[in-house]
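Listed below, chain by chain, are the residues.
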Number of protein chains: 2
Amino acid sequence: MAKEKILILGAGLVGSLLSIFLAKKGFKVEVFEKRPDPRKNDVLGGRSINLALSDRGLLALEKAGVTRNLDQVMLPMHGRMIHQLDSQVHFQPYGKANQAINSVSRGLLNEYLIGEAEAAGASFRFEHKCERADIDNSVLSFSTGGKPKEYGGDIIIGADGAYSVLRASFLHSDRFNFMQDYLPHGYKELNIPAGKNGEFQIDPNALHIWPRGKFMLIALPNIDKSFTCTLFLPFEGESSFEALDSPEKVATFFSEVFPDTLPVIPNLIDQFFTNPTSSLVTIRCYPWSKKRSLLLGDASHAIVPFFGQGMNAGFEDCRLLDEIIDAEYPNWETVFQTFEKSRKPNTDAIAKLANDNFIEMRDKVADAGFIWQKKLEARIHEKYPDKWTPLYTMVTFSNMPYSKALEQGNRQESVMRKIREVYPMSTPPEAIDLEKIVGWLD
Amino acid sequence: MAKEKILILGAGLVGSLLSIFLAKKGFKVEVFEKRPDPRKNDVLGGRSINLALSDRGLLALEKAGVTRNLDQVMLPMHGRMIHQLDSQVHFQPYGKANQAINSVSRGLLNEYLIGEAEAAGASFRFEHKCERADIDNSVLSFSTGGKPKEYGGDIIIGADGAYSVLRASFLHSDRFNFMQDYLPHGYKELNIPAGKNGEFQIDPNALHIWPRGKFMLIALPNIDKSFTCTLFLPFEGESSFEALDSPEKVATFFSEVFPDTLPVIPNLIDQFFTNPTSSLVTIRCYPWSKKRSLLLGDASHAIVPFFGQGMNAGFEDCRLLDEIIDAEYPNWETVFQTFEKSRKPNTDAIAKLANDNFIEMRDKVADAGFIWQKKLEARIHEKYPDKWTPLYTMVTFSNMPYSKALEQGNRQESVMRKIREVYPMSTPPEAIDLEKIVGWLD
């Protein structure tokens with residue numbers, strides 16, 4: 001029996017990786033993308049420039065067999081570099097010394113995955129904007145170069161992002177639960193170029209954060225020795241994008257709240273008024289499948305970027321779907337239902353964690369109590385690694401289900417509250433009874 | 001200055017009442033409805049046949065000046081008539097002896113309101129299906145009799161229900177928060193006709209409930225002496241619409257769980273397989289306005305029917321909007337923003353209350369502890385009317401903001417839990433220290 005023809009909507013990171021998994025299984029895979037081929041063009045359009053690749057994403061790439069040369073484009077970040085208002089910096093490690101998240105270029109990674117997918121036998125059609133998905137007959141309608149075109153297949157997978165066209169067709173069917181929820185904050189990217197001698201202008205081994213309470217700036221390194229900064233700021237209100245409506249106000253704002261960025265962002269005002277301000281959305285929906293169609297990645301569970309897990313979760317989707325196909329093929333109904341049922345509690349969990357982490361990044365990281373806690377947690381984890389693992393480590397440096405990480409994180413969090421009641425911050429570390437603390441977990 | 005032209009989408013209950021308020025203010029009001037004129041047709045299509053009109057709805061009708069002859073089509077229901085599995089019934093009053101909710105026919109009330117709106121100067125265009133709303137230019141596109149047609153206005157109000165076309169156009173704009181959430185239960189209407197001598201076959205002064213834990217049947221009286229029953233049942237699972245797939249199974253199911261309905265529903269099997277099974281959705285969104293367009297009623301906050309507040313909340317929307325126009329006209333931006341900002345917490349509250357009340361209706365009402373509590377609450381309320389008001393009374397027999405009712409209800413609920421710990425159900429009523437209980441509220 002010839003294997004099914006699978007149509008994938010979206011040649012972004014998740015669609016491209018999925019096409020590798022499926023092509024390697026012997027399916028006929030066709031991927032449709034509204035944008036031009038990124039290998040022939042420069043424009044990425046409205047998406048972040050770099051991303052943090054961590055264990056979940058790496059495992060998925062490994063399982064797909066696509067890790068060759070990857071380390072040449074990854075820049076490991078071993079912790080957060082906190083920039084205080086007085087321009088002092090201090091470093092907070094993410095985990096143990098050998099643990100890091102990796103700054104990767106969205107564009108380079110995407111091009112690499114498309115190349116690997118073609119090598120595995122998948123075919124790509126760019127500049128195909130999907131207009132409509134007929135889920136009853138598994139037919140997709142596109143406009144391409146102004147002309148309508150239809151493609152039919154056996155299976156449709158929507159990896160077409162937060163504004164998925166496949167999901168829009170689900171929305172019009174009965175009993176489809178859906179939520180889109182915007183943060184009051186938007187974001188704007190700004191570039192710190194390489195220095196005069198082609199060197200990094202700030203430390204490339206960290207993710208830089210300027211935490212300022214209600215808003216923040218972050219920066220991730222790029223392999224061309226530049227950094228991409230992202231300013232997260234409310235759309236409206238006192239300190240907001242709306243309020244920063246003149247070059248003077250932008251200059252004053254940066255000199256007041258991010259003074260140490262002025263020497264390294266030369267054309268700040270130009271960038272600020274040229275670069276777009278984008279919104280931040282969380283998408284939740286269910287079911288993820290109807291008939292022979294399935295939503296995947298951001299199309300079913302877009303999250304805010306504050307845990308660096310959007311791409312990692314999408315890649316994990318691909319790995320898990322691949323495993324379920326191994327177990328249940330050719331029963332696609334079972335494949336889809338097993339996938340959505342087992343995966344949904346975990347993407348709900350990472351959505352919540354990503355949201356919570358915004359407050360941690362923009363506010364708590366600057367707090368002495370938070371730093372004290374983080375150090376204590378690291379000590380507990382070192383002594384009782386099976387009992388206590390920092391939440392960040394469970395999410396970032398493990399592949400345990402996100403919902404289990406959230407659950408365990410909540411348990412640890414309430415013990416931590418108890419610790420703070422019992423031990424003042426002045427307590428010398430060796431005076432804290434770690435065994436007793438770990439006992440409170442039960 | 002000539003007053004603005006206001007286009008209203010939807011000539012259902014809310015759209016019709018709103019058109020009365022606005023026409024009476026002197027606006028040029030045009031109402032568009034996809035269905036035919038209900039006064040010339042019989043079909044209502046997929047909506048419940050009767051509804052419970054209570055204080056909030058009545059106050060709005062009063063303020064609009066449209067209560068004439070209303071009492072001739074209202075059937076007061078003074079409480080719940082609980083039908084046990086053994087066919088015994090017992091009555092639970094909703095409030096005091098003079099308090100009742102009113103069963104009204106959706107069709108008759110709608111026709112009455114359309115007539116009053118026309119009398120007030122509003123014009124109606126039926127069989128106009130809105131295809132698209134251009135909120136930038138306040139233009140609506142319709143198909144009518146197969147032909148496209150456009151209408152422009154100064155203000156657009158979407159009172160076009162849970163599947164609002166105006167809201168769909170909001171959905172494609174940036175930063176519009178939206179949620180649609182379906183219950184796992186569906187509903188099916190069944191008719192208990194009048195008896196042989198044209199009499200009610202069961203007590204017309206109550207809302208009848210057959211609470212069965214995971215599902216329930218209810219019945220509301222109609223002025224033709226029939227009752228409309230609604231079966232609320234999970235779509236899938238052990239006891240479900242899916243499982244009831246043969247006449248035998250339906251007959252067995254009803255004889256087992258609703259035995260006393262068999263004598264009064266003569267053609268049960270026919271009705272069961274002829275009448276549609278509908279779904280139950282909660283809609284939440286924000287903002288409710290963009291430029292000169294506003295969503296109202298189910299279009300912005302559809303809720304499940306278990307508190308009998310869907311229509312009442314929509315009517316209250318109209319009354320509140322009318323008051324805000326009085327205060328802020330002609331500043332429509334302020335009108336819309338004042339309305340959405342003040343109203344949203346209240347519609348969120350009634351959405352939650354409606355959801356919670358499903359469990360109360362289908363399960364708790366049959367419980368001895370629940371009945372004991374209700375009686376105790378009535379006694380506390382009688383003695384301390386300013387301190388304690390049963391939640392049902394605050395929602396149904398008052399016009400206090402829903403969010404305040406929810407808040408006060410939560411406070412009373414936690415005191416009630418404390419009462420249940422202190423006083424066993426065997427406690428004679430006079431041995432319960434009401435003053436002490438009321439003190440626990442603080």
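With an unreviewed UniProt entry as reference, chain A is termed Kynurenine 3-monooxygenase, source organism Imperialibacter roseus.

Caption draft 1: Spatial organisation of the interface of chain B and chain A. The interface of chain B with chain A comprises 15 residues on the first partner and 16 residues on the second. For the pair chain B and chain A, the two sides together bury roughly 1400 Å², of which 40% comes from carbon and sulfur. The largest contributions to the chain B side of the interface with chain A come from R175(B), Q180(B) and Y182(B), which together make up 44% of the buried area. Inspection of the chain B/chain A interface yields two salt bridges. Counting across the interface, chain B meets chain A through 10 residue pairs in polar contact (both at pLDDT 80 or more). Broken down by element, the residue count for the side of chain B that touches chain A peaks at eight residues, all from strand β13 (residues 177-192) of chain B.

Caption draft 2: Examining the pattern of salt bridges more closely. Residues and elements named next belong to chain B. Enumeration according to the criterion identifies 48 salt bridges over all chains in this entry. Of the charged contacts in the structure, one is a salt bridge between R68 and E116, with a shortest N-O distance of 2.4 Å. You can see R68 sitting in the loop between α2 (55-63) and β4 (75-77) and its partner E116 sitting in helix α3 (residues 106-120), a full 48 residues away along the chain. Taking relative accessible area as the criterion, E116 reaches 16% and is therefore assigned buried. Between E323 and R319 there is a salt bridge; the shortest N-O distance is 2.9 Å. A residue pair is termed a helical-turn pair when its members lie 3 or 4 positions apart in one helix, as E323 and R319 do in helix α8 (residues 310-328) at four residues. For E323, a relative accessible area of 35% translates into the label partly exposed.

Caption draft 3: Region of interest: the side chain of E189(A). Residue and element names in this part refer to chain A. Summarising the element assignment, E189 is placed in strand β13 (residues 177-192). This buried residue, E189, is left without a salt bridge; R106 holds the nearest opposite charge, at 7.3 Å. One polar contact links the side chain of E189 to the main-chain amide nitrogen of I49, over a distance of 3.2 Å.

Caption draft 4: The sheet that holds strand β3 (residues 50-53) of chain A, seen in detail. Residue and element names in this part refer to chain A. Pairing within the open sheet is antiparallel, and its three strands lie in the order β3-β7-β4. Bordering the open sheet on either side are β3 and β4 (75-77), each of which pairs with just one other strand. In this sheet, neighbouring strand axes are inclined to one another by 35° on average, regardless of whether the strands run parallel or antiparallel. Here β3 runs beside strand β7 (residues 101-105); their pairing, made up of four bridges, is antiparallel. In the sheet register, A52 faces β7, and the bridge partner there is S103. Docked against the sheet, helix α3 (residues 106-119) engages β3 and β7, running at close to 80° with respect to β7. Helix α8 (residues 310-328) contacts β3 and β7 of the sheet and is inclined by roughly 60° relative to β3.

Caption draft 5: Here's a closer look at the nonpolar core. One finds L17(A), L113(A), F315(A), L17(B), L113(B) and F315(B) to be the most contacted residues of the largest nonpolar core, which totals 140 residues. Leave out the neighbours within four places in its chain, and L113(B) touches L13(B), S16(B), L17(B), I20(B), L61(B), V66(B) and F315(B).

Caption draft 6: Highlighting the relation of the copies chain B and chain A. The operation relating chain B to chain A is a screw motion whose rotation component is 180°, with 0.0 Å of axial translation and a residual RMSD of 0.0 Å. Taken together, the rotation angle and the small translation identify this as a two-fold axis. It is M179(B) whose C-alpha, among those of chain B, lies nearest the rotation axis, at 2.0 Å. Interface overlap between copies is the fraction of interface residues in one copy that are interface residues in the other; for chain B against chain A it reaches 100%, indicating a shared surface.

Caption draft 7: Layout of the side chain of S403(A). All names here are of chain A. Tracing the sequence through the fold places S403 in helix α12 (residues 402-422). Among the polar contacts made by the side chain of S403, one reaches the side chain of N346 at a distance of 2.6 Å. Setting aside chain neighbours within four positions, we find S403 in contact with P345, N346 and A349.

Caption draft 8: Spotlight on the packing of helix α1 (residues 13-24) of chain B against α8(B). Residue and element names in this part refer to chain B. Direction vectors running N to C along α1 and α8 enclose 20°, while the axes themselves pass 9 Å from each other. Judged by the inter-axis angle, α1 sits roughly parallel to α8. At the point where α1 passes α8, the crossing takes the right-handed sense. Counted together, L13, V14, L17, L18, F21 and L22 of α1 and M311, G314, F315, C318, R319, L321, D322 and I325 of α8 form the full contact between these two elements. Of the residues that constitute the contact of α1 with α8, the class distribution is 11 nonpolar, one polar and two charged.

Caption draft 9: Spotlight on the packing of aromatic side chains. All names here are of chain A. Summed over the entire model, instances satisfying the criterion amount to 55 aromatic pairs over all chains. One aromatic cluster is present, formed by F215, F235, F241, F253, F254, F258, F272 and F273 through successive ring pairs. A cation over an aromatic ring shows up here: K3 above the ring of F27, its NZ or CZ 4.7 Å from the ring centre. Of note, K3 hangs over the ring of Y329, and the distance from its end group to the ring centre comes to 5.1 Å.

Caption draft 10: Summary view of the environment of L262(B). Residues and elements named next belong to chain B. Looking at where L262 falls in the secondary structure, it is placed in the loop between α5 (247-257) and α6 (268-274). The class for L262 is partly exposed, based on a relative accessible area of 35%. Between the C-alpha atoms of L262 and G107, which are 155 residues apart in sequence, the distance is 27 Å. Setting aside chain neighbours within four positions, we find L262 in contact with F254, S255 and L268.

Caption draft 11: Highlighting helix α10 (residues 368-383) of chain A. Residue and element names in this part refer to chain A. Taking 1.5 Å per residue as the helical rise, α10 with its 16 residues ought to reach 22 Å, and the 23 Å between its terminal C-alpha atoms agrees with that figure. Three or more residues of α10 are buried, namely G369, F370, W372, Q373, L376, E377, I380 and H381. All buried residues of α10 lie within an arc of 165° about the axis, which places them on one face of the element. Exposed residues lying more than 90 degrees from the buried face of α10 are K375 and E382. Buried residues belonging to α10 abut β5 (79-83), β6 (89-93), α9 (332-362), α11 (391-396), α12 and α13 (434-439). The opening residue of α10 is D367, an N-cap whose side-chain oxygen sits 3.1 Å from the backbone nitrogen of G369.

The rules behind each value
- Residues numbered from 1 in each chain as written.
- Chains lettered and ligands numbered in written order.
- Predicted model: local features only at pLDDT ≥ 70, side-chain atom pairs only at ≥ 80, totals over all residues.
- Heavy atoms only, no water.
- Contact = heavy atoms within 4.5 Å.
- Buried area = accessible area lost by both parts, 1.4 Å probe.
- Salt bridge = Lys/Arg side-chain N within 4 Å of Asp/Glu carboxyl O.
- Polar contact = N/O pair within 3.5 Å; in protein donor to acceptor, adjacent residues only side chain to side chain.
- Helix = DSSP H or I, 4+ residues; strand = E, 2+ residues; numbered from the N terminus.
- Buried < 20%, exposed > 50% of the residue type's maximum accessible area, 1.4 Å probe, protein only.
- Lys, Arg positive; Asp, Glu negative; His and termini not counted.
- Pairing = 2+ DSSP bridges.
- Axes fitted to C-alpha atoms, helices over the stretch in contact; angles between N-to-C directions.
- Core = buried A, V, L, I, M, F, W, Y, C linked by side-chain atoms within 4.5 Å.
- Least-squares fit on C-alpha atoms with pLDDT ≥ 70 in both.
- Parallel < 35°, antiparallel > 145°, perpendicular 65-115°, else oblique.
- Left-handed = near helix turned anticlockwise from the far one by under 90°.
- Nonpolar A, V, L, I, M, F, W, Y, C, P; charged D, E, K, R; others polar.
- Phe/Tyr/Trp six-rings, centres within 6.5 Å; stacked < 30°, edge-to-face > 60°.
- Lys NZ or Arg CZ within 6 Å of the ring centre and 35° of its normal.
- Expected span 1.5 Å × (residues − 1).
- Arc of directions from axis to C-beta.

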